[in-house]
Amino acid sequence: MSEVEVKKTQESLQDRLAQVIELLQRQRVVEDLTHRQEGPHHDRVENLVHRQNLVELQRKLDDLHSADVAYILEALPLDDRLTLWQLVKADRDGDILLEVSDSVRETLIADMDDHELLAAAKDMDADELADLASELPRDVVHELMETLDGQQRERVRSALSYDEEQVGALMDFEMVTIREDVSLEVVLRYLRRLKELPGHTDKLFVVDYDGVLKGVLPIKRLLVNDPEKQVSEVMASDPVSFHPDEDAYDAAQAFERYDLISAPVVDKNGKLIGRLTIDEMVDLIREESENEVLNMAGLREEEDIFASVWKSLRNRWAWLAINLITAFIASRVIGLFEGSIEKLVALAALMPIVAGIGGNSGNQTITMIVRAMALDQVSTGNTSRLMRKELAVGLINGLVWGGVIGAVAYLLYGSWSLGVVMTAAMTLNLLLAALMGVLIPMTLAKMGRDPAMGASVMITAMTDSGGFFIFLGLATIFLL
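So, how was this worked out
- Residues numbered from 1 in each chain as written.
- Predicted model: local features only at pLDDT ≥ 70, side-chain atom pairs only at ≥ 80, totals over all residues.
- Heavy atoms only, no water.
- Buried < 20%, exposed > 50% of the residue type's maximum accessible area, 1.4 Å probe, protein only.
- Helix = DSSP H or I, 4+ residues; strand = E, 2+ residues; numbered from the N terminus.
- Arc of directions from axis to C-beta.
- Contact = heavy atoms within 4.5 Å.
- Polar contact = N/O pair within 3.5 Å; in protein donor to acceptor, adjacent residues only side chain to side chain.
- Core = buried A, V, L, I, M, F, W, Y, C linked by side-chain atoms within 4.5 Å.
- Phe/Tyr/Trp six-rings, centres within 6.5 Å; stacked < 30°, edge-to-face > 60°.
- Lys NZ or Arg CZ within 6 Å of the ring centre and 35° of its normal.
- Pairing = 2+ DSSP bridges.
- Axes fitted to C-alpha atoms, helices over the stretch in contact; angles between N-to-C directions.
- Parallel < 35°, antiparallel > 145°, perpendicular 65-115°, else oblique.
- Left-handed = near helix turned anticlockwise from the far one by under 90°.

Can you lay out helix α10 (residues 150-160) for me, pointing to particular residues and giving the numbers?
Every α-helix carries 3.6 residues per turn, so stepping three or four residues along brings you back to the same face. Among the residues making up α10, those that are buried are Q152, R155, V156 and A159. Looking down the long axis of α10, one finds its buried residues gathered within 100° of arc, a one-sided arrangement. On its buried face, α10 sits against α8 (126-133), α9 (138-147) and α11 (167-170). A side-chain oxygen of the first residue of α10 lies 3.2 Å from the backbone nitrogen of Q151; this N-cap is D149.

Printed below as a string of structure tokens:
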């Protein structure tokens, strides 16, 4: 899909959201008016208006893809969301539950009874059931497992046995396997009998009679080669494969690196047990990016934008409390130099500039380091070189922009010494920002924490306190 087509799709989705919101608002207005009117047929009129509005909303939902419905549900306040959710046809509930974010899914599941949950989950694949199982009531999960056949039940249990960040939790069990000692013509006839292939099938998996993976047969090779050739002559015998206990994010990087659409998952004996597909990898990369953004802001989890006030408070309070402590420390640093500020009022006007530029520079460094760590580009062998590079960038930026603001300070206050102090303070604070920008994420990673966790909050605290101390300290020594 081209960039123009993507933009049109997004614009169309925004238009549809606006139309749904308009219908919901119209429903409330019309029902409010009919409710105020009195007459012998008041109840009948009110019921008729209500049904007409719901039919129009339902018609709008029926025309939308499940992912688009999920997007609209995420963008609505809770009451409107639940109103719309009740209009979704039962046979689409499962697809939409898999598309919405975790926080919104929680509100939708809470609005469903056990019978509706069972109906929504009955047609899901094993990997999809495993994704949803942790959020369903235990009695529903138990009853759902009882309705599965032996193979499906074993697959769900297998997927649930892995951590959500492992390959085994994401692998798909729907795949096409063939033998290496048959002709391509036989394979083609076999595929025609299937009538439908699993989604994202770009290759067939070649296994022996014990289920051990021998290679893969890309569909394009199947189509362009002589039908009389054997599978063993055409297949790729060294495919990229994964083990179920591998890190899922490493697998996602491999998909990006090798332009994969699907890949086999094998156990320690080389037996084929599932496959990974590009859709799961794209979702994983998106979720990882979202989590990094949330973690850098100090948010513990993804938050429904229309969540209750109390739930939002619980998600945000921890790092706000830490930020309050660091802000208090910064204020105490300023308090140490109250006498200096009283003697030279210009210091009060200039010190936020030093702290602000340092915080911005530190956040830039942290963003680059966290990205490099996510791509496994940072190792013990290149840490010192990386540190020197960031310090050099901080030094040059400090001298250049510190010189600029120093000149501005001279023009404003007519003091060359104040300009020099401003330049020196800016340079030192940018060096501090570069140093902390490298050390904070690396230290968090060594402690087994997410390197992005609260990094933005911590670097701002460091550069604020450090910037105030450096600038006011230099001013006290050289100006007063």
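I'd like a rundown of the nonpolar core, residues and numbers included.
Counting 57 residues, the largest nonpolar core has L84, W85, I96, L97, F242 and L276 as the members making the most contacts within it. Broken down by element, the residue count for this core peaks at five residues, all from helix α15 (residues 248-258). With sequence-adjacent residues up to four places away left out, L276 is seen in contact with V167, L170, M171, F242, A251, F255, I261, S262, A263, V265 and M281. Residues V333, M351, I470 and L474 belong to the second largest nonpolar core, which totals 24 residues.

Now, about the packing of aromatic side chains: what can you tell me, with residues and values included?
The relative placement of two aromatic rings is captured by the distance of their centres and the angle of their planes. Applying the stated rule across the entire model yields three aromatic pairs. Geometrically, the ring pair formed by F337 and F469 is edge-to-face, given 5.9 Å between the ring centres and 70° between the ring planes. One end of the pair, F337, is in the loop between α17 (309-336) and α18 (338-343); the other, F469, is in helix α22 (residues 455-478), and 132 residues separate them in sequence. Ring geometry for Y410 against W416: centres 4.1 Å apart, planes inclined by 25°, an arrangement best described as stacked. Cation over ring: R179 sits above Y209, and NZ or CZ is 4.6 Å from the ring centre.

Now, about helix α12 (residues 184-194): what can you tell me, with residues and values included?
Turning to α12, its buried residues are L184, V187, L188 and L191. With its buried residues spanning 100° around the axis, α12 presents them on a single face. Along α12, the residues that are exposed and aim more than 90 degrees away from the buried face are R192 and R193. Looking at the packing, one finds that the buried side of α12 touches β1 (177-178), β2 (203-207), β3 (213-218), α13 (219-224) and α14 (231-234). K195 sits one or two positions beyond α12 and adopts a positive phi of about 70°.

Outline unusual backbone geometry, supporting the account with residue identities and numerical values.
Despite not being glycine, H200 has its phi angle at roughly 60°, a positive value. Summarising the element assignment, H200 is placed in the loop between α12 and β2. Exposure remark for H200: the relative accessible area of 39% places this residue in the partly exposed category. One non-glycine residue, D259, lies in positive phi territory at about 55°. Positionally, D259 belongs in the loop between α15 and β4 (262-266).

Would you mind going over the sheet that holds β3 in detail, with residue names and values included?
What the three strands build is an open sheet, ordered β1-β2-β3; its pairing is mixed. Looking along the sheet, the strands with just one partner apiece sit at the ends: β1 and β3. Two elements, β1 and β2, share two bridges in a ladder whose sense is parallel. Residue pairing in the sheet places T177 in a bridge with F205 of β2.

For the packing of helix α7 (residues 114-121) against α9, give the residues involved together with the corresponding values.
Relative placement of two packed helices is described by the angle separating their axes and the distance separating the axes. Running from N to C, α7 and α9 cross one another at 45°; their axes reach a closest spacing of 10 Å. Compared by their axis directions, α7 and α9 come out oblique. Crossing of α7 over α9 shows right-handed handedness. On α9, the residues that touch D114, L117, L118 and A121 of α7 are D139, V140, E143 and L144.

Read these as layout, nothing more, since geometry by itself doesn't imply function.
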